[in-house]
Amino acid sequence: MKKWLAACLCTVMLLSLAACGASTEKASGPYVEMTEEEWEELWNEAKTQQDSFERIFDKQKGAYEFTERERVSSIDENFMEFLPKEYFSDVESGQKGKIDKVEYDTYDYYLYQTQGTEESQWKKEAKTCYVYTPAGYSESKQYNVYFLLHRKTYTEDYWFISTVVDGEDRELGRGDFVYLLDYAIANGLIEPAIFVSCTAKIGEAGDEMPEHQAANFGYELKNDLIPAIDAKYSTYASREHRALGGASRGGLLVWGAMPVALSEVAYFAPICNGCVHTIYTDEQEAEADRLCDAMSTQENAQYDISYLFTFAGDCDTNKLRVYSTYDEVLEKMPNRLVWGENTYYGKPQYGTHSNKYFYLGVYESMQLFFKDEK
């Protein structure tokens with residue numbers, strides 16, 4: 001009886017999710033492990049966000065049309081619609097990574113530069129980041145480094161904390177993303193790497209000025225944060241072995257930091273957001289044009305983009321922002337970004353704007369990053 005009910009529920013959900021690109025052939029893979037309750041939770045979340053997206057799209061899309069791109073089997077075969085529960089299993093103590101708190105000094109570069117303040121008058125800002133080193137970390141080896149920016153309302157510990165439920169305290173090192181890193185590295189699903197959970201918040205900019213933060217963070221990253229990490233850990237200390245990613249608000253900040261950080265970072269993963277705070281496609285495209293122009297200056301033109309991976313599920317309320325930004329970037333830089341070679345767009349069928357899909361976006365980016373570097 002229970003199996004019959006599960007089959008009925010799955011059938012109803014798959015038919016109802018047609019607007020999200022659902023397929024009636026979803027009977028294998030990680031979804032097999034889901035209970036009826038988990039299926040219902042997935043359906044409710046996806047349906048709610050899809051309804052919201054459709055309302056936004058109808059009002060604000062203008063003349064925008066989505067661009068369908070061909071499937072690249074060599075890439076897509078490594079991607080999943082949903083991370084299996086086993087990927088968040090607690091590994092043995094000897095397979096667990098370590099998390100350190102690292103402090104460094106920086107400046108509000110954007111503020112001082114726009115005000116024309118003499119450098120001698122700049123005031124230092126003390127900041128904190130958290131660094132994950134994989135199990136077996138050794139100073140005799142060199143590691144790739146992946147910098148990650150957080151979603152709105154969170155802080156620099158976001159990627160490494162437990163989910164906050166009903167006001168419970170955040171517990172560092174017990175979050176799902178940490179379990180995912182431990183499991184994926186222990187099982188050879190991703191290469192051992194250093195992950196840095198950081199923030200773009202600076203001074204009085206607070207949480208409501210993303211454009212300020214984006215413009216500033218590129219300078220902070222290359223002038224202060226990268227040197228602090230290279231000084232403390234055994235890294236390759238080269239741009240070809242560094243990635244910058246972020247989810248939601250963090251994805252917006254990655255787009256904005258790219259033109260400044262390009263000299264020090266070769267891999268980028270703006271996840272579940274476009275390049276400006278608004279959702280309007282014309283503003284996304286205008287800002288994307290500006291970013292591309294900045295990426296193509298004489299100074300930046302000498303640096304290759306090793307990989308640009310962006311990501312938004314079919315039911316993500318930010319999907320329109322991501323699509324319109326990404327399409328414009330590909331159109332403006334055809335000689336630097338080639339579909340399926342050094343750029344790709346992850347698009348899980350049921351993907352919503354939620355933590356589990358932010359984690360999936362980072363995991364999938366790691367299937368593509370650092371593959372050709374020695």
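Residues numbered from 1 in each chain as written. Predicted model: local features only at pLDDT ≥ 70, side-chain atom pairs only at ≥ 80, totals over all residues. Heavy atoms only, no water.

### Quick look at the overall build of the chain
No. 1: Along its length, the chain carries 10 helices and 8 strands.
No. 2: Put simply, the chain has 374 residues, and 54% of those count as buried.
No. 3: Partitioning the intrachain contacts of the chain with sequence separation of at least 6 by distance along the chain shows that 78% fall at a separation of at least 24.
No. 4: Accessible area of the chain: about 16800 Å², with a carbon and sulfur share of 45%. (Helix = DSSP H or I, 4+ residues; strand = E, 2+ residues; numbered from the N terminus. Buried < 20%, exposed > 50% of the residue type's maximum accessible area, 1.4 Å probe, protein only. Contact = heavy atoms within 4.5 Å. Areas by Shrake-Rupley, 256 points an atom, 1.4 Å probe, with all protein chains shown as cover.)

### Focus: the sheet that holds strand β7 (residues 307-311)
No. 1: Strand order in the open sheet made by the 8 strands is β1-β2-β4-β3-β5-β6-β7-β8, with mixed pairing throughout. Only two strands of the sheet have a single partner each, and these edge strands are β1 (98-106) and β8 (343-346). Recorded for the sheet is a direction-independent mean angle of 20 degrees between the axes of neighbouring strands.
No. 2: Bridge analysis of strand β3 (residues 145-149) against strand β4 (residues 194-198) gives 5 bridges, and the strand direction is parallel. By the bridge assignment for β4, V145 is matched with I194.
No. 3: Sheet strands touched by helix α7 (residues 249-261): β3, β5 (242-247), β6 (267-271) and β7. Its angle to β5, the strand with the most contacts, is close to 140 degrees.
No. 4: Docked against the sheet, helix α9 (residues 319-332) engages β7 and β8, running at close to 165 degrees with respect to β8. (Pairing = 2+ DSSP bridges. Axes fitted to C-alpha atoms, helices over the stretch in contact; angles between N-to-C directions.)

### Examining empty space enclosed by the protein
No. 1: Counted by the stated rule, this structure contains 4 cavities of 30 Å³ or more.
No. 2: There is about 60 Å³ of room inside the largest cavity.
No. 3: Breaking the lining of the largest cavity down by element, the ones donating at least two residues are α7 and α8 (281-295).
No. 4: Among the residues forming the lining of the largest cavity, the class breakdown is 8 nonpolar, no polar and no charged. (1 Å grid on protein atoms, 1.4 Å probe; cavity = no way out; pocket = protein on both sides within 12 Å on 5 of 7 lines; lining within 4 Å. Points joined across faces, edges and corners; volume = space filled by probe spheres on them. Nonpolar A, V, L, I, M, F, W, Y, C, P; charged D, E, K, R; others polar.)

### Here's the deal with the confidence of the model for the chain
Close inspection of predicted coordinates is inappropriate for parts of the model with low pLDDT.
No. 1: Per-residue confidence for the chain gives a mean pLDDT of 85, with 86% of residues at or over 70.
No. 2: Contacts for the low-pLDDT stretch residues 1-29, under 50 throughout, to residues beyond four places or in other chains number 38 contacts. (pLDDT = per-residue confidence, 0-100.)

### Some points on the packing of aromatic side chains
No. 1: Summed over the entire model, instances satisfying the criterion amount to 31 aromatic pairs.
No. 2: Its guanidinium or amino end placed over the ring of W339, R69 lies 5.4 Å from that ring's centre, counting from NZ or CZ. (Phe/Tyr/Trp six-rings, centres within 6.5 Å; stacked < 30°, edge-to-face > 60°. Lys NZ or Arg CZ within 6 Å of the ring centre and 35° of its normal.)

### Some remarks on the pattern of salt bridges
No. 1: Per the stated rule, a full pass over the model turns up 12 salt bridges.
No. 2: Here K347 makes a salt bridge to E68, at a shortest N to O gap of 3.6 Å. Taken together, the residues span a long stretch of sequence, with K347 in the loop between β8 and α10 (355-365) and E68 in the loop between α2 (36-60) and α3 (73-76) at a distance of 279 residues.
No. 3: Since its relative accessible area comes to 61%, E68 is described here as exposed.
No. 4: For the salt bridge of D293 with K332, the shortest nitrogen-to-oxygen distance reads 3.8 Å. Of this pair, D293 sits in helix α8 while K332 sits in helix α9, and the two are 39 residues apart along the sequence. (Salt bridge = Lys/Arg side-chain N within 4 Å of Asp/Glu carboxyl O.)

### Digging into helix α6 (residues 210-232)
Think of an α-helix as turning once every 3.6 residues; residues three or four places apart then point the same way.
No. 1: Along its 23 residues, α6 runs just 29 Å from first to last C-alpha, ending more than 12% under the 33 Å computed at 1.5 Å per residue.
No. 2: Maximum bend of α6: about 50 degrees, positioned at L221. (Expected span 1.5 Å × (residues − 1). Bend = angle between axes of the 7 residues up to and from the residue.)

### Quick look at the nonpolar core
No. 1: Counting 52 residues, the largest nonpolar core has Y146, W159, F160, F177, F195 and F369 as the members making the most contacts within it.
No. 2: Those elements that place two or more of their residues in this core are α2, β2 (125-133), β3, α5 (176-186), β5, β6, β7 and α10.
No. 3: Sorting elements by how many residues they give to this core places α5 first, with 7 residues.
No. 4: Each residue touching Y146, except ones within four places of it in the same chain, is listed here: I194, F195, V196, A243, L244, G245, A269, V362, S365, M366 and F369. (Core = buried A, V, L, I, M, F, W, Y, C linked by side-chain atoms within 4.5 Å.)

### What about the environment of G346?
No. 1: With respect to the helices and strands, the residue G346 is situated in strand β8.
No. 2: According to the relative accessible area criterion, G346 is buried, its value standing at 1%.
No. 3: Taking the C-alpha atoms as reference points, G346 and A312, 34 residues apart in sequence, are found 6.4 Å from one another.

### Details of the pairing of β3
No. 1: With respect to burial, β3 is a largely interior element, 5 of its 5 residues being buried.
No. 2: Alternating residues of β3 divide into V145, F147 and L149 and Y146 and L148, and every residue in both groups is buried.
No. 3: Pairing of β3 with β5, which is carried by 5 bridges, proceeds in the parallel orientation. Residue F147 lies in a different strand from β5, and its bridge partner there is L244.

### Thoughts on the side chain of R242
No. 1: Topologically, R242 is positioned in strand β5.
No. 2: For R242, the side chain forms a polar contact with the side chain of D230, separated by 2.8 Å.
No. 3: The residues touching R242, leaving out its near neighbours within four places in the chain, are V145, F147, I226, D230, A237, E264, V265, A266, Y267 and F370. (Polar contact = N/O pair within 3.5 Å; in protein donor to acceptor, adjacent residues only side chain to side chain.)

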